[in-house]
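Structural overview for review
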Amino acid sequence: MTRHFVVIGPAQRKCGVVAANYREFLKKCRKKFNLKKHEAIIVTLDDRTEVDKEYFRVLVNGTELFISKAKDFETVDYIHQLASFLHACLDRQPQLHNKVMSYLQEPVSSKHAATLLEVIAKNTYDSIAQTSKDNDPEWFKGLDTRFKTKEAVMRNSAETRMRSYLQHTEGELLAKNLPPDSPQKNAILFFKEKLHKSKYNASYFDRSAVLETERLCDSQGTFECEGPYNQPKCPGIHYINPYASREARIVFSTWNFDHVIEKSRSIIPELKAALSGQRASSVNLPYFYDLLFLHKNPSRAALKTNGNLKLVHIACHVKKPHECKCKSEKIFLDQHNEKDGPSPQQDTKPKQQRVKRPQPNSCTSQEGSKKLHRSIDCWVQNDYR
Ligand SMILES: [Zn+2]
Ligand SMILES: [Zn+2]
């Protein structure tokens, strides 16, 4: 679908760009703003939320987008954030003061700046406790005026992420015209109903959620990075409290839900294949729902769910193919149904190896020569999230 965007380039130059997809958009922007191919660029909204390929799909006509060179983006971003944090913390936190000073004496690098920000964000900050727009108007700058509390904004943010996973799945499953009663449409309907019931997991980001198991932060709003998909803990000191300041809220948008079993490379292709096979009516939809939308909460694992989402700092987000796949024995509900060949007991090879898969997309510049990972079963396309 071709859409029109208002684009503001590096030297505040403004122009219109019409594009059908992310690739075309990037290509046209490079041309308009004279950006060389090897120069990494970043696309953001006006609140500096990064727009990637996936996010790009759901943007509406006329959205204003900003293009920056990746290196400028980082520098400007960190300095801006540092400036607004430093003042508030230095005179009230002697220990923090020392830490800040020791960092500043080292050669400046964005890694330390990031660490610094997180340490500061974890520490008390005047406005953390404030909830309403009247008491902390700065925090709400640039947001839709309908939001009156920080909690409402954060709930909306969690919900938006869930909706984007749903939209992505819907886009993939309903790509061709299907009859109203098709397994694909039923699956989407199932996900929608379940999401509706769970309020689109909005409570994940809501510090006021009563049950601790419903939210991923503490009651102050501090989130802790859950570590790379294949590690039990975060090896760094990644904390953030998006309730603390506008800057922290914006930085929090770079924290991602990482699907341990990957959405694009594993979950969606497996689901797609299962729904178009002979056993489409017995696909284990609750399993796929958990993989797509449910947090991998250790205490929930005890309840035998298949939660699959980890909230991670950008440094702990592994973008290379993950070595986790859908469990073949969970894809269908009736494992002893033999319509589709031998039962799993006789069949030692996992089901997915017999399923035909789409070819990898031709790559975009960033990952041009990426090698196919050995877990080729899960490979679908280049997707940076
Ligand atoms: Zn981390
Ligand atoms: Zn990921």
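For the structure given in this document, a descriptive report is provided here. What you see is a predicted model, and the numbers here were worked out from it, not measured in a lab.

This part covers the coordination of the zinc ion (ligand 2). Here the zinc ion (ligand 2) is held by the protein donor atoms Asp 258 (OD) and His 317 (NE2), which lie 2.1 to 2.3 Å from it. Of the two residues, Asp 258 sits in strand 7 (residues 256-259) while His 317 sits in the segment after strand 8 (309-312), which places them 59 residues apart along the sequence. Taken individually, Asp 258 and His 317 each receive the classification buried, so the pair is uniform in this respect.

A few words now on the sheet that holds strand 1 (residues 3-8). With respect to topology, four strands assemble into an open sheet ordered 2-1-4-3, the strand pairing being mixed. Because the sheet does not close on itself, it has two edges, and the strands there are strand 2 (14-19) and strand 3 (41-44). Strand-to-strand twist across the sheet, computed as the mean angle between neighbouring axes with direction ignored, equals 35°. Relative to strand 4 (residues 64-69), strand 1 is paired through three bridges, and the arrangement is parallel. What sits directly across from Val 7, in strand 4, is Leu 65.

On to helix 7 (residues 183-197). Under the 1.5 Å per step criterion, the end-to-end length of helix 7 is 21 Å for 15 residues, consistent within 8% with the ideal 21 Å. Contacts made by the buried residues of helix 7 are with helix 6 (150-173), helix 9 (263-275) and helix 10 (285-293). Backbone geometry just after helix 7 places Lys 199 at a positive phi near 50°.

Of the two faces of strand 7, the one holding Asn 256 and Asp 258 and the one holding Phe 257 and His 259 are both buried throughout. Direction of pairing for strand 7 relative to strand 8: antiparallel, over a ladder of four bridges. Looking at the pairing, Asp 258 lines up with Lys 310 of strand 8.

Before going further, it helps to spend a moment on the coordination of the zinc ion (ligand 1). Cys 225 (SG), Cys 234 (SG), His 238 (ND1) and Cys 316 (SG) make up the full set of protein donors to the zinc ion (ligand 1), lying at 2.0 to 2.4 Å. Bound by four donor atoms, the zinc ion (ligand 1) shows angles of 93 to 123° at the metal and therefore tetrahedral coordination geometry. Taken in sequence order, the residues that donate to the zinc ion (ligand 1) follow the motif C-x8-C-x3-H-x77-C. The same class applies to Cys 225 as to Cys 234, namely buried.

Under the defined criterion, the tally for this structure stands at 16 aromatic pairs. For the pair Phe 190 and Phe 191, a centre-to-centre distance of 6.1 Å together with 70° between the ring planes defines the contact as edge-to-face. Using a relative accessible area of 0% as the deciding quantity, one classes Phe 191 as buried. An aromatic cluster is built from Tyr 204, Phe 205, Phe 223, Phe 252, Trp 255 and Phe 257, whose rings are joined through pairwise contacts. Residue placement shows Arg 163 over the ring face of Tyr 200; its charged tip is 3.9 Å from the ring centre.

Rules of the game
Residues numbered from 1 in each chain as written. Chains lettered and ligands numbered in written order. Predicted model: local features only at pLDDT ≥ 70, side-chain atom pairs only at ≥ 80, totals over all residues. Heavy atoms only, no water. Donors = N, O, S within 2.8 Å, 3.2 Å for Na, K, Ca; no water. Helix = DSSP H or I, 4+ residues; strand = E, 2+ residues; numbered from the N terminus. Buried < 20%, exposed > 50% of the residue type's maximum accessible area, 1.4 Å probe, protein only. Pairing = 2+ DSSP bridges. Axes fitted to C-alpha atoms, helices over the stretch in contact; angles between N-to-C directions. Expected span 1.5 Å × (residues − 1). Contact = heavy atoms within 4.5 Å. Tetrahedral: all angles 85-135°; square planar, octahedral: opposite > 155°, others 65-115°. Phe/Tyr/Trp six-rings, centres within 6.5 Å; stacked < 30°, edge-to-face > 60°. Lys NZ or Arg CZ within 6 Å of the ring centre and 35° of its normal.

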